Amino acid sequence: MTTFTLSSPDIPAGGSVPAHFEADVFGCGGRNESPVLQWTGAPADAQSFAVTVYDPDAPTGSGWWHWLVVDLPAGTSELSANAGAKGSSTLPAGARQMRNDYGAFAWGGMCPPPGDKPHRYIFTVHALSVPKLDIPDDATAALTGFMVNATTIAKASFTSTYARPA
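Reference entry: report on the structure contained in this document. This structure is a prediction, so every number in the text was calculated from the model and none was measured. (Residues numbered from 1 in each chain as written. Predicted model: local features only at pLDDT ≥ 70, side-chain atom pairs only at ≥ 80, totals over all residues. Heavy atoms only, no water.)

## Overview of the sheet that holds strand 8 (residues 152–162)
And then number 1: Strands sit in the order 6-4-3-7-8 across an open sheet of five strands; the sheet is antiparallel. Here the strands that pair on one side only, and so sit at the sheet edges, are strand 6 (96–97) and strand 8.
And then number 2: Both strand 7 (residues 119–128) and strand 8 contribute to a ladder of 10 bridges, which runs antiparallel. Counterpart to V125 in the pairing with strand 8 is A156.
And then number 3: Sheet strands in contact with helix 1 (residues 141–151) are strand 3 (48–55), strand 4 (64–73), strand 7 and strand 8, and its direction is about 50 degrees off that of strand 4. (Pairing = 2+ DSSP bridges. Helix = DSSP H or I, 4+ residues; strand = E, 2+ residues; numbered from the N terminus. Contact = heavy atoms within 4.5 Å. Axes fitted to C-alpha atoms, helices over the stretch in contact; angles between N-to-C directions.)

Below you can see the structure in the form of C-alpha coordinates.
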(Lines give C-alpha, C1' and ligand atoms only; values in the text may rest on other atoms or scores of the structure.)
Protein backbone atom coordinates (compact mmCIF):
# COMPACT_ATOMS: atom_id res chain seq x y z
CA MET A 1 0.00 0.00 0.00
CA THR A 2 1.31 3.44 -0.95
CA THR A 3 1.46 6.05 1.78
CA PHE A 4 -0.44 9.28 1.08
CA THR A 5 2.00 12.14 1.75
CA LEU A 6 2.05 15.92 1.42
CA SER A 7 5.23 17.98 1.18
CA SER A 8 6.54 21.35 0.10
CA PRO A 9 9.96 22.24 -1.30
CA ASP A 10 9.33 25.72 0.18
CA ILE A 11 8.32 24.94 3.77
CA PRO A 12 10.02 22.25 5.86
CA ALA A 13 7.70 19.87 7.69
CA GLY A 14 8.36 20.32 11.40
CA GLY A 15 10.42 23.44 10.70
CA SER A 16 9.74 27.13 10.45
CA VAL A 17 7.78 28.84 7.68
CA PRO A 18 10.03 31.28 5.76
CA ALA A 19 9.12 34.94 6.36
CA HIS A 20 8.14 35.74 2.77
CA PHE A 21 5.01 33.57 3.17
CA GLU A 22 3.85 36.03 5.86
CA ALA A 23 0.72 38.05 5.15
CA ASP A 24 0.84 41.67 4.02
CA VAL A 25 -1.95 42.94 6.34
CA PHE A 26 -2.37 43.73 10.06
CA GLY A 27 1.19 45.02 10.31
CA CYS A 28 2.74 41.94 8.71
CA GLY A 29 5.22 42.63 5.94
CA GLY A 30 5.53 39.42 3.96
CA ARG A 31 4.82 38.82 0.27
CA ASN A 32 1.62 36.87 1.03
CA GLU A 33 2.49 34.14 -1.47
CA SER A 34 1.36 30.55 -1.18
CA PRO A 35 3.99 27.78 -1.26
CA VAL A 36 4.39 24.91 -3.69
CA LEU A 37 2.54 21.87 -2.36
CA GLN A 38 3.01 18.34 -3.71
CA TRP A 39 1.31 15.07 -2.85
CA THR A 40 1.81 11.42 -3.72
CA GLY A 41 0.12 8.13 -2.91
CA ALA A 42 -3.46 9.40 -3.05
CA PRO A 43 -6.18 6.74 -3.04
CA ALA A 44 -7.11 5.59 -6.54
CA ASP A 45 -10.79 6.20 -5.79
CA ALA A 46 -10.32 9.90 -4.94
CA GLN A 47 -12.73 11.91 -7.09
CA SER A 48 -11.24 15.30 -6.17
CA PHE A 49 -8.98 16.99 -3.65
CA ALA A 50 -9.16 19.89 -1.23
CA VAL A 51 -6.21 21.72 0.31
CA THR A 52 -6.45 23.53 3.64
CA VAL A 53 -4.03 25.54 5.75
CA TYR A 54 -5.11 26.08 9.35
CA ASP A 55 -3.63 27.74 12.46
CA PRO A 56 -5.10 26.13 15.60
CA ASP A 57 -3.15 28.57 17.81
CA ALA A 58 -4.75 31.80 16.57
CA PRO A 59 -6.25 33.68 19.53
CA THR A 60 -9.81 33.49 18.21
CA GLY A 61 -11.36 30.58 20.10
CA SER A 62 -11.75 28.78 16.77
CA GLY A 63 -8.34 28.94 15.09
CA TRP A 64 -7.70 30.62 11.72
CA TRP A 65 -8.24 29.31 8.19
CA HIS A 66 -5.46 30.64 5.93
CA TRP A 67 -6.34 28.81 2.72
CA LEU A 68 -9.11 26.59 1.44
CA VAL A 69 -9.00 25.23 -2.10
CA VAL A 70 -11.70 22.77 -3.20
CA ASP A 71 -12.77 20.93 -6.35
CA LEU A 72 -9.21 20.14 -7.39
CA PRO A 73 -9.54 17.49 -10.13
CA ALA A 74 -8.67 13.88 -9.30
CA GLY A 75 -5.46 13.96 -11.35
CA THR A 76 -4.00 16.90 -9.44
CA SER A 77 -0.83 16.24 -7.43
CA GLU A 78 0.72 19.71 -7.05
CA LEU A 79 -0.12 23.36 -6.54
CA SER A 80 2.42 25.75 -8.01
CA ALA A 81 4.09 28.69 -6.29
CA ASN A 82 1.58 31.43 -5.51
CA ALA A 83 -1.36 29.40 -6.83
CA GLY A 84 -3.25 31.06 -3.98
CA ALA A 85 -3.10 34.53 -5.52
CA LYS A 86 -6.49 36.22 -5.77
CA GLY A 87 -7.99 35.24 -9.13
CA SER A 88 -5.16 32.73 -9.67
CA SER A 89 -4.75 31.48 -13.22
CA THR A 90 -2.48 28.62 -12.13
CA LEU A 91 -5.04 26.58 -10.21
CA PRO A 92 -6.38 23.59 -12.16
CA ALA A 93 -9.57 24.20 -14.14
CA GLY A 94 -12.66 23.96 -11.92
CA ALA A 95 -10.81 24.50 -8.63
CA ARG A 96 -12.26 27.09 -6.27
CA GLN A 97 -10.59 29.14 -3.55
CA MET A 98 -13.02 29.58 -0.70
CA ARG A 99 -13.22 32.52 1.70
CA ASN A 100 -10.44 32.38 4.30
CA ASP A 101 -10.61 34.01 7.72
CA TYR A 102 -9.13 37.23 6.30
CA GLY A 103 -12.31 37.38 4.19
CA ALA A 104 -10.42 36.80 0.92
CA PHE A 105 -10.91 34.14 -1.73
CA ALA A 106 -7.16 33.53 -1.82
CA TRP A 107 -4.13 32.50 0.22
CA GLY A 108 -3.80 34.43 3.46
CA GLY A 109 -0.27 34.30 4.83
CA MET A 110 0.87 33.83 8.40
CA CYS A 111 0.44 36.81 10.74
CA PRO A 112 0.48 35.73 14.39
CA PRO A 113 0.45 38.46 17.04
CA PRO A 114 3.92 39.95 17.66
CA GLY A 115 5.68 38.23 20.54
CA ASP A 116 3.20 35.34 20.69
CA LYS A 117 4.53 31.79 20.95
CA PRO A 118 5.19 30.13 17.57
CA HIS A 119 1.92 29.18 15.92
CA ARG A 120 1.42 25.82 14.22
CA TYR A 121 0.33 25.83 10.59
CA ILE A 122 -1.28 22.59 9.47
CA PHE A 123 -1.09 22.03 5.71
CA THR A 124 -3.48 19.26 4.60
CA VAL A 125 -4.55 17.68 1.34
CA HIS A 126 -7.83 15.80 1.52
CA ALA A 127 -8.76 13.07 -0.96
CA LEU A 128 -12.53 13.39 -1.43
CA SER A 129 -15.27 10.93 -2.35
CA VAL A 130 -17.07 13.48 -4.54
CA PRO A 131 -15.96 15.29 -7.73
CA LYS A 132 -17.26 18.65 -6.51
CA LEU A 133 -18.36 19.95 -3.11
CA ASP A 134 -22.00 20.98 -2.87
CA ILE A 135 -21.35 24.37 -1.30
CA PRO A 136 -21.98 27.90 -2.56
CA ASP A 137 -19.04 29.93 -3.89
CA ASP A 138 -19.31 32.25 -0.86
CA ALA A 139 -19.46 29.48 1.78
CA THR A 140 -17.77 30.27 5.09
CA ALA A 141 -14.54 28.56 6.07
CA ALA A 142 -16.45 26.60 8.73
CA LEU A 143 -19.01 25.26 6.22
CA THR A 144 -16.25 24.47 3.74
CA GLY A 145 -14.29 22.64 6.42
CA PHE A 146 -17.37 20.69 7.45
CA MET A 147 -18.10 19.54 3.90
CA VAL A 148 -14.45 18.72 3.21
CA ASN A 149 -14.28 16.58 6.35
CA ALA A 150 -17.64 14.92 5.58
CA THR A 151 -16.34 13.70 2.20
CA THR A 152 -12.69 12.94 3.08
CA ILE A 153 -11.60 9.36 2.37
CA ALA A 154 -7.91 10.00 3.18
CA LYS A 155 -5.72 12.93 4.09
CA ALA A 156 -2.08 13.83 4.36
CA SER A 157 -0.66 16.69 6.43
CA PHE A 158 2.46 18.35 7.68
CA THR A 159 2.86 21.03 10.31
CA SER A 160 5.31 23.93 10.41
CA THR A 161 5.57 26.89 12.78
CA TYR A 162 5.88 30.64 12.51
CA ALA A 163 6.33 33.47 15.01
CA ARG A 164 6.85 37.23 14.83
CA PRO A 165 9.20 39.06 17.19
CA ALA A 166 7.68 41.32 19.87
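The rest of the description comes next.
## Some remarks on the pattern of salt bridges
And then number 1: A complete count under the given rule lists six salt bridges for this structure.
And then number 2: For D57, the salt bridge goes to R120, with nearest N and O atoms at 2.6 Å. Of the two residues, D57 sits in the loop between strand 3 and strand 4 while R120 sits in strand 7, which places them 63 residues apart along the sequence.
And then number 3: Linking D137 and R96 is a salt bridge whose minimum nitrogen-to-oxygen distance equals 2.7 Å. Taken together, the residues span a long stretch of sequence, with D137 in the loop between strand 7 and helix 1 and R96 in strand 6 at a distance of 41 residues.
And then number 4: Judged by its relative accessible area of 52%, D137 falls in the exposed class.
And then number 5: Here the salt bridges do not stand alone but share partners, grouping D71, R96, K132 and D137 into one network. (Salt bridge = Lys/Arg side-chain N within 4 Å of Asp/Glu carboxyl O. Buried < 20%, exposed > 50% of the residue type's maximum accessible area, 1.4 Å probe, protein only.)

## Considering the sheet that holds strand 1 (residues 5–7)
And then number 1: As summarised here, the arrangement of the three strands in space is 1-2-5, forming an open sheet in which the pairing is antiparallel. In this open sheet, the two edge strands, each paired with only one partner strand, are strand 1 and strand 5 (78–79).
And then number 2: Of the pairings in the sheet, the one linking strand 1 to strand 2 (residues 37–40) comprises three bridges and is antiparallel in character. For S7, the partnering residue across the bridge sits in strand 2 and is Q38.

## Some words on the packing of aromatic side chains
And then number 1: All chains considered together, the criterion is met by seven aromatic pairs.
And then number 2: Aromatic pair Y54 and W65: ring centres 4.6 Å apart, planes at 45 degrees, arrangement tilted. Residue Y54 is found in strand 3, and its partner W65 is found in strand 4; the two are separated by 11 residues along the sequence.
And then number 3: Summarising the aromatic geometry, the rings of F123 and F158 are spaced 4.8 Å apart at their centres and angled 5 degrees between planes, so their arrangement reads as stacked. With F123 in strand 7 and F158 in strand 8, the pair connects residues that are 35 residues apart, well separated along the chain. Like F123, the residue F158 is buried in the burial classification.
And then number 4: Aromatic ring contacts, followed pair by pair, group F4, W39 and F49 into a single cluster. (Phe/Tyr/Trp six-rings, centres within 6.5 Å; stacked < 30°, edge-to-face > 60°.)

## Re unusual backbone geometry
And then number 1: Its identity is not glycine, yet N32 carries a phi of approximately 55 degrees, on the positive side.
And then number 2: With respect to the helices, strands and loops of the structure, N32 is situated in the loop between strand 1 and strand 2.
And then number 3: Residues other than glycine seldom take positive phi values, yet N82 does so here, at roughly 60 degrees.
And then number 4: Position of N82 among the secondary structure elements: in the loop between strand 5 and strand 6.
And then number 5: A relative accessible area of 27% places N82 in the partly exposed class.

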